[in-house]
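Breakdown of the fold
Okay, here's what each chain looks like letter by letter:
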Amino acid sequence: MHMENFRKGDFIRLKDLDRWQVNRISGKTINVFEINNIEPEYVEVKNCKEKIPISGIEPIPINGRDDSKIYYDPIVAASTVFPGDPIPISRKDYSYYYDSFKRHFFQSKNFQELVKEQDFQYVHQVQHYLFDEFQDDGLKLDAI
């Protein structure tokens, strides 16, 4: 795995999860982390105090198991609310991101079709595609 494949904000997993100090309520039950910073030999990830060697991280396969705690929460343009009108309620959809892609469309295709056409194997590839196409990947981690 080459460094240039990962970007700040990408989701990755740790090869040896038990080796690192993880700071989140869910503890070490979820092996998905977001890259905060990339250096030539190390990465810094959210919810982990130590720098992780590049050799200690790996991509997350798109398989519904390793990536099951990732959901899709795209930036949506705000509604216009006129004086006296109720403020619209928006609810986050915490369902599995790949399933929720069926409900989001670009032109005449849903996001799941767009991603399938690209033949991606890993979550960070989907993140790069969405960011490059829409300037926001919209993927979030449901692990506090």
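Residues numbered from 1 in each chain as written. Predicted model: local features only at pLDDT ≥ 70, side-chain atom pairs only at ≥ 80, totals over all residues. Heavy atoms only, no water.

The biggest cluster of nonpolar side chains holds 18 residues, and the ones touching the most others in it are Y97, F101 and L139. Mapped by element, the contributors of at least two residues to this core are β6 (70-72), α1 (97-100), α2 (111-118) and α3 (123-134). When residues of this core are assigned to their parent elements, the largest contribution, four residues, is made by α3. Those residues within four positions of Y97 in sequence are excluded, and the remaining contacts are I62, D67, I70, Y71, Y72, V123 and L139. Judged by nonpolar contacts, the second largest core, of 14 residues, contains F6, I12, F33 and V43. (Core = buried A, V, L, I, M, F, W, Y, C linked by side-chain atoms within 4.5 Å. Buried < 20%, exposed > 50% of the residue type's maximum accessible area, 1.4 Å probe, protein only. Helix = DSSP H or I, 4+ residues; strand = E, 2+ residues; numbered from the N terminus. Contact = heavy atoms within 4.5 Å.)

Looking now at the pattern of salt bridges. Enumeration according to the criterion identifies seven salt bridges in this entry. The partner of D66 in a salt bridge is R13, and the shortest N-O contact between them spans 3.1 Å. Highlighted residues: D66 in the loop between β5 (57-58) and β6 and R13 in strand β1 (residues 11-14), separated in sequence by 53 residues. For the salt bridge of E39 with K51, the shortest nitrogen-to-oxygen distance reads 3.0 Å. Placement of E39 in the loop between β2 (33-38) and β3 (42-45) and of K51 in the loop between β3 and β4 (52-53) is noted, with a sequence separation of 12 residues between them. If you follow the salt bridges from partner to partner, you end up with R13, E58, R65 and D66 in one network. (Salt bridge = Lys/Arg side-chain N within 4 Å of Asp/Glu carboxyl O.)

We now examine the packing of α2 against α3. For any two helices packed against each other, one specifies the crossing angle of their axes together with the interaxial distance. At a minimum axis distance of 11 Å, the contact between α2 and α3 shows a crossing angle of 115 degrees. You can see that α2 and α3 cross each other, and the crossing is right-handed. Packed against α2, whose contacting residues are F111, L114, V115 and Q118, the element α3 presents V126, Y129, L130 and F134 at the interface. For the contact of α2 with α3, the class distribution of residues is seven nonpolar, one polar and no charged. (Axes fitted to C-alpha atoms, helices over the stretch in contact; angles between N-to-C directions. Left-handed = near helix turned anticlockwise from the far one by under 90°. Nonpolar A, V, L, I, M, F, W, Y, C, P; charged D, E, K, R; others polar.)

We now examine unusual backbone geometry. Only a minority of non-glycine residues have a phi that is not negative, and only a minority of peptide bonds are not trans. Phi at N47 is positive, roughly 70 degrees, even though this residue is not glycine. Among the secondary structure elements, N47 is positioned in the loop between β3 and β4. Classification of N47 as partly exposed rests on a relative accessible area of 32%.

If you walk through the whole model with that rule in mind, you get 11 aromatic pairs. Judged by centre distance (6.3 Å) and plane angle (80 degrees), the ring pair of Y97 and Y98 falls under edge-to-face. In this pair, the class of Y97 matches that of Y98, namely buried. Seen in terms of ring centroids, F111 and F134 are 5.2 Å apart; in terms of plane orientation they differ by 15 degrees. Their pairing is stacked. Placement of F111 in helix α2 and of F134 in helix α3 is noted, with a sequence separation of 23 residues between them. According to the relative accessible area criterion, F111 is buried, its value standing at 7%. (Phe/Tyr/Trp six-rings, centres within 6.5 Å; stacked < 30°, edge-to-face > 60°.)

The next thing to look at is the environment of G138. Note that G138 resides in the loop between α3 and β9 (139-141). In sequence terms G138 and Q127 are 11 residues apart; their C-alpha atoms lie 8.0 Å from each other. Setting aside anything within four residues of it in sequence, one finds G138 in contact with Y71, Y72, D73 and P74.

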